[in-house]
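These are the residues of each chain, in order.
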Protein chains: 2
Amino acid sequence: VIDSDPLVDALTAVVGPTHVLTEPGMMAGFEVDWTRRWRGRARAVVRPGATAEVASCLRCCADAGAAVVPQGGNTGLVGGSVPRGGEVVMSLTRLDGLGDVDRAAAQVSAGAGVTLAQLQAHVAAAGLGFGVDLAARDSATVGGMVATNAGGLHVLRHGAMRAQVLGVEAVLADGSVVRRMDGLVKDNSGYDLAGLLCGSEGTLAVVTEVRLRLVPVWPHRVTALVGTGGLDAALDLLVRLRSVPGLEAVEVMFADGVELVRAETGLGPSPVGPAPCQLVIECAGLEDPTDALGTVLSGPGVTGTAVASDPGGRTRLWAWRERHTEAVNSLGVPHKLDVALPLGRLAAFEAAVRPAVAAVAPGAAIVIWGHLGDGNLHVNVVGPPADDEAVDDAVLRLAAAHGGSISAEHGIGVAKRRWLGLTRAPADVSAMRAIKDALDPGRMLNPGVLWAVGQ
Amino acid sequence: VIDSDPLVDALTAVVGPTHVLTEPGMMAGFEVDWTRRWRGRARAVVRPGATAEVASCLRCCADAGAAVVPQGGNTGLVGGSVPRGGEVVMSLTRLDGLGDVDRAAAQVSAGAGVTLAQLQAHVAAAGLGFGVDLAARDSATVGGMVATNAGGLHVLRHGAMRAQVLGVEAVLADGSVVRRMDGLVKDNSGYDLAGLLCGSEGTLAVVTEVRLRLVPVWPHRVTALVGTGGLDAALDLLVRLRSVPGLEAVEVMFADGVELVRAETGLGPSPVGPAPCQLVIECAGLEDPTDALGTVLSGPGVTGTAVASDPGGRTRLWAWRERHTEAVNSLGVPHKLDVALPLGRLAAFEAAVRPAVAAVAPGAAIVIWGHLGDGNLHVNVVGPPADDEAVDDAVLRLAAAHGGSISAEHGIGVAKRRWLGLTRAPADVSAMRAIKDALDPGRMLNPGVLWAVGQ
């Protein structure tokens, strides 16, 4: 005997029976994130297929006093896209419409459920590119990337997701629809709601469609894998690299992580040897940047260099950076800490974080990589149990003590809400809370994210 | 006999008697904007010299139930920085501190009262530049530019003010201070308050200091004055110009405006003759962009070209664009409309706006110029009385009907609040209003801006 749930009946009336899931086996994939650290039971999973359906579903949930967890590709790392227990999961993946590319304006409209890879293929067919790229491109959706202000590999050149968003359509908790999709580069007509929704982690509204800025596809592209004597030398190199035209990415990794990638993936020996600190650098432009890059790389502090301009060669060099994620996952479920530091404090932080982790989690593996150009390090720790927050506490406090951020690009979610006060003063937290309560007075959207339920 | 005002006494206790003005002659300059269209009497003018004084003054005003109009360089064009009647004007120009330039990170901290020209000189001394430039640079302040999300000449390359702001310090209506000044490129820790304050026109908080992104100073810079057969040809040219490296500005003006500039300024005949539509184009980069620009300008649609790479020659070409403002002011007090259109609708709007203005204001002069690369036209109308809104109504309705914005970069202020509903749906306006009331529940900050008092 299955108890009937009037909310499920109401949602079914909106989207049809195929798109409301209540059977545990059907819901399982929506209830756990891909790190497997964050999971919870859903009351139901609803999959609206249009903006009007999103609005109707939100009204049904409001009427029932039910909380809603918006979900895109479910590739988040801070527990913000899976239920904490008993919420309705609203999956937006059916909102997968893509508009015609406007080549003159270099813009496109994309539904929240379009994956990054789909977006990239669609705009590439029109001879354009998208400014944000990240490893989860086959699953991550545009809506989720907006909600988390996703960063990734090219922030150095193009900025994070917020810098790509020219307009948004979103549904507020009361079911009303806000729409600014004209693609205007300039529109100083009141508050920047689109920018506010970027990075709001599903707590203010459900993003249904976005208008996106596109970037040129450059005819010349070169990738370099570079060994340096250490992070100080890498930071010196970064300053000199800023003069290379079309600098797009400066990614950093360390000898232990590179060795782990080699051991786990069979990539063979690193073409630049066992340097303590290694970079993946990419430049792209109208002119071939190889010579300009080579000039900088022939300067001091570089212990080895491998350069490729062909797609196959470039992919092989990028693999050293991109396969860090799977390599560390092979060790167990990682605590994924994602911090940013002022560039002047980055080396001091990196030197201090390894002993700080060892002190609270003796024997744990710590693997660090990140986006050097943005001062952003991903600190991955494998060893402590998933429910032990001692490692997180040590790393996040250290970052805050160095003037850094406790979340560079992953967001706060459930995982880091305990530490929000480390870098946000009480007046700042109060202001955020006031905005939340102004737009979602019933605290219906993604409760437990940013603040614990009841706070 | 002068009646004593307890609020004036309280403010004087905070900032000292020198920095509280109540005498009409002393307040006059703070009570009228530079277009002379917007003016009102102030209860007092207070000039705090530190963030803590801003906070104390706001608490004094809150205690007295007094409204506050924050004011920077008072170069706004929509009546947002002068009193409507009886408010305290808070002038921020004494907050003029400039931090050391961080060359490695390419950042600087600036007080709200620093003028754009002071900022430009300060960072130039460190070999860097600032991404926003505009004609009012000697008076416009950093705080005002943040509050209005100022645009200007280089939005095409660097974005508007919001894109330059890495962090902000601001005082909320209750006197509490929000501070995010670490200069982190990435910090996804809750809502983007800095971005929200950009363009909020003094209605949400008083900005006291900002952390700004800086840009390179390019060794090569070239300016071109270009005649085209019309706006359609200019738009075709714009698409081809996007492939020129380092494209920084594409400014547009029309034959009647160019002739007015010639007549009013004594610049002599235009070096490109009487073309119907003229552009000022600027490119800058590590490599000399002259050849790449020349190749595009030798293509179809160009009727005349003058190019300069030396500072004197570049200034002479820019004068045709920059002196439009004084030329139109010589005709009388203009209605300054500032609209943005999707690029595909720009020519249709430009063709329709002249007869639309003539229909409601026969005999009025209409002079149009703008930032073509951003789809942004400044429509200046001289002739109707300052208090006649028929012209504004005609132009703004036409822009909205073409999918455009009623305020590209000037903001809404007092001048355009009547028309906010043309491009913002009721749900959108309600959301903005909710945010306003969340952060300033007493509606103390800049009442009458964005919404009429009492709405």
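Now for a quick tour of the structure. Computed from a predicted model, the values in this text were never measured in an experiment.

Helix and strand counts for chain A come out as 16 helices and 16 strands. Against the compact-globule benchmark of 23 Å for 455 residues, chain A has a radius of gyration of 22 Å, which places it among compact chains. For the C-alpha atoms alone, the extent of chain A along its principal axes is close to 70 × 55 × 45 Å. For chain A, buried positions account for 61% of its 455 residues. In chain A, the share of contacts with a sequence separation of at least 24, taken over all contacts with a separation of at least 6, comes to 73%. Within the structure as shown, chain A displays about 15,700 Å² of accessible surface, and the carbon and sulfur contribution to it stands at 54%. Of note, chain A has its 37 positive side-chain charges centred 2 Å away from the centre of its 47 negative side-chain charges.

Moving on to the environment of Phe130 of chain A. All names here are of chain A. By secondary structure assignment, the location of Phe130 is in strand E6 (residues 128-130). The buried category is assigned to Phe130, whose relative accessible area is 8%. Taking the C-alpha atoms as reference, Phe130 lies 8.8 Å from Val217; in sequence the two are 87 residues apart. Setting aside residues up to four positions removed in sequence, Phe130 forms contacts with Leu116, Leu119, Val123, Met145, Met161, Gln164, Leu212, Arg213, Leu214 and Val215.

This paragraph deals with the nonpolar core. Among the nonpolar cores identified, the biggest contains 197 residues, and Ile281 of chain A together with Ile281 of chain B are the most heavily contacted of them. Ignoring sequence-local partners within four residues, the contact set of Ile281 of chain A consists of Val222, Thr223, Ala224, Val226, Leu241, Leu247, Ala249, Val250, Leu293 and Leu297 of chain A.

Residue and element names in this part refer to chain A. In the structure shown here, the tally under the stated rule is 56 salt bridges over all chains. In this structure, Arg157 engages Glu248 in a salt bridge whose closest nitrogen and oxygen atoms are separated by 2.8 Å. Highlighted residues: Arg157 in helix H6 (residues 155-158) and Glu248 in strand E11 (residues 247-254), separated in sequence by 91 residues. A salt bridge links Arg221 to Glu282, with the nearest nitrogen and oxygen atoms 2.6 Å apart. Pair noted here: Arg221 is in strand E10 (residues 220-228) and Glu282 is in strand E12 (residues 277-285), with a separation of 61 residues, a long-range link. With a relative accessible area of 2%, Glu282 lands in the buried category. Linked by salt bridges that have partners in common, Arg157, Arg221, Glu248, Glu282 and Arg314 make up one network.

Take the relation of the copies chain B and chain A next. Applying a rotation about an axis and a shift along it to one chain copy brings it onto the other copy. Here chain B sits on chain A after a turn of 180° about the axis and a move of 0.0 Å along it, with an RMSD of 0.0 Å. The symmetry that links the two subunits is that of a two-fold axis. Looking at chain B, 100% of its interface residues are interface residues in chain A too, so the copies touch through the same face.

With that settled, consider the packing of aromatic side chains. Aromatic ring pairs are reported here in terms of the distance separating the ring centres and the angle at which the planes meet. All told, the structure shown has two aromatic pairs over all chains when counted by the stated rule. Relative to Trp451 of chain B, the ring of Tyr191 of chain A has its centre 6.1 Å away and its plane inclined at 70°; by these criteria the two rings are edge-to-face. With Tyr191 of chain A in the loop between strand E8 (177-180) and helix H8 (193-197) and Trp451 of chain B in the segment after helix H16 (426-439), this pair bridges two chains. Across the pair, exposure class does not vary: Tyr191 of chain A and Trp451 of chain B are buried alike. Sitting above the plane of the Phe254 of chain B ring, Arg354 of chain B keeps its charged end 5.2 Å from the centroid.

Let us now look at the environment of Thr290 of chain B. Residue and element names in this part refer to chain B. Residue position: Thr290 is located in helix H11 (residues 290-297). As for Thr290 and Arg221, which are separated by 69 residues in sequence, their C-alpha atoms are 8.2 Å apart. Polar contacts involving the side chain of Thr290 include one to the side chain of Asp288, which spans 2.5 Å.

Along helix H9 (residues 231-241) of chain B, the residues that are buried comprise Leu231, Ala233, Ala234, Leu235, Leu237, Leu238 and Leu241 of chain B. Against the buried residues of H9 of chain B lie strand E10 (220-228), strand E11 (247-254), strand E12 (277-285), H11, strand E13 (302-308) and helix H14 (343-360) of chain B.

Let us now look at the packing of helix H16 (residues 426-439) of chain A against H16 of chain B. Put simply, H16 of chain A and H16 of chain B touch, their axes get as near as 8 Å, and they point 140° apart. Between H16 of chain A and H16 of chain B, the angle falls in the class oblique. When the axes of H16 of chain A and H16 of chain B are compared, the crossing they make is right-handed. Contacts between H16 of chain A and H16 of chain B involve Ala431, Ala434, Ile435, Ala438 and Leu439 of chain A from the first element and Ala431, Ala434, Ile435, Ala438 and Leu439 of chain B from the second. In terms of residue class, the contact of H16 of chain A with H16 of chain B is built from ten nonpolar, no polar and no charged.

All names here are of chain A. Despite not being glycine, Ala106 shows a phi value in the positive range, around 55°. Along the chain, Ala106 turns up in the loop between strand E4 (87-91) and strand E5 (107-111). Classification of Ala106 by relative accessible area gives buried; the value is 12%. In the Ramachandran plot, Asn446 falls in the positive-phi region, its phi being about 50° despite a non-glycine side chain.

Moving on, we come to the side chain of Asn376 of chain B. Along the chain, Asn376 of chain B turns up in strand E16 (residues 376-382). A distance of 2.9 Å separates the side chain of Asn376 of chain B from the side chain of Lys186 of chain A, its partner in a polar contact. Setting aside anything within four residues of it in sequence, one finds Asn376 of chain B in contact with Lys186 of chain A together with Asp338, Val339, Ala340, Trp369, Gly370, His371, Ala408 and Glu409 of chain B.

This next bit is on the sheet that holds E11 of chain B. Residues and elements named next belong to chain B. Read from one edge to the other, the open sheet built from seven strands follows the order E13-E10-E12-E11-E15-E16-E14, with strand pairing classed as antiparallel. Each having just a single partner strand, E13 and strand E14 (335-340) make up the two edges of the open sheet. For this sheet, the mean inter-axis angle between neighbouring strands, taken without regard to orientation, is 15°. With three bridges joining them, E11 and strand E15 (residues 365-371) adopt antiparallel strand pairing. Bridge pairing links Met253 to Trp369 in E15. Most of the contacts of helix H10 (residues 255-265) go to E11, to which it runs at about 85°, and overall it touches E11, E12 and E15. Against the sheet, helix H12 (residues 311-322) makes contact with E10, E11, E12, E13, E15 and E16, and its axis sits at roughly 40° relative to E10, the strand it touches most.

Residue and element names in this part refer to chain B. Among the seven residues in E15, six count as buried, and that is most of the element. Strand direction decides the pairing type here: E15 and E16, joined by seven bridges, are antiparallel. Bridge assignment links Trp369 to a residue of E16, and that residue is His378. Connecting the antiparallel pair E15 and E16 is a turn made up of four residues, with Gly375 showing a positive phi of about 65°.

Residues and elements named next belong to chain B. Along strand E7 (residues 165-171), seven of the seven residues are buried, which leaves the element largely enclosed by surrounding structure. One ladder, built from six bridges, connects E7 with strand E9 (residues 206-216); its direction is antiparallel. By the bridge assignment, Glu169 is partnered in E9 with Glu209. Bridge count between E7 and strand E8 (residues 177-180): four bridges; the pairing is antiparallel. Note on E8: the bridge partner recorded for Ala170 is Val178. Taking the residues that link successive antiparallel strands as the turn, the E7-E8 hairpin has five residues, and the phi of Gly175 there is positive, at about 90°.

This paragraph deals with empty space enclosed by the protein. Residues and elements named next belong to chain A. A full pass over the atoms with the stated rule returns five cavities of 30 Å³ or more. What the largest cavity holds in volume is close to 80 Å³. Forming the boundary of the largest cavity are Thr35, Arg37, Trp38, Leu77, Val78, Pro334, His335, Lys336, Leu337, Asp392, Ala415 and Lys416. Tallying contributions element by element places strand E14 (residues 335-340) first for the lining of the largest cavity, with three residues.

Definitions and cut-offs
- Residues numbered from 1 in each chain as written.
- Chains lettered and ligands numbered in written order.
- Predicted model: local features only at pLDDT ≥ 70, side-chain atom pairs only at ≥ 80, totals over all residues.
- Heavy atoms only, no water.
- Helix = DSSP H or I, 4+ residues; strand = E, 2+ residues; numbered from the N terminus.
- Rg over C-alpha atoms; globule rule 2.2 N^0.38 Å.
- Buried < 20%, exposed > 50% of the residue type's maximum accessible area, 1.4 Å probe, protein only.
- Contact = heavy atoms within 4.5 Å.
- Areas by Shrake-Rupley, 256 points an atom, 1.4 Å probe, with all protein chains shown as cover.
- Lys, Arg positive; Asp, Glu negative; His and termini not counted.
- Charge placed at Lys NZ, Arg CZ, Asp CG, Glu CD.
- Core = buried A, V, L, I, M, F, W, Y, C linked by side-chain atoms within 4.5 Å.
- Salt bridge = Lys/Arg side-chain N within 4 Å of Asp/Glu carboxyl O.
- Least-squares fit on C-alpha atoms with pLDDT ≥ 70 in both.
- Phe/Tyr/Trp six-rings, centres within 6.5 Å; stacked < 30°, edge-to-face > 60°.
- Lys NZ or Arg CZ within 6 Å of the ring centre and 35° of its normal.
- Polar contact = N/O pair within 3.5 Å; in protein donor to acceptor, adjacent residues only side chain to side chain.
- Axes fitted to C-alpha atoms, helices over the stretch in contact; angles between N-to-C directions.
- Parallel < 35°, antiparallel > 145°, perpendicular 65-115°, else oblique.
- Left-handed = near helix turned anticlockwise from the far one by under 90°.
- Nonpolar A, V, L, I, M, F, W, Y, C, P; charged D, E, K, R; others polar.
- Pairing = 2+ DSSP bridges.
- 1 Å grid on protein atoms, 1.4 Å probe; cavity = no way out; pocket = protein on both sides within 12 Å on 5 of 7 lines; lining within 4 Å.
- Points joined across faces, edges and corners; volume = space filled by probe spheres on them.

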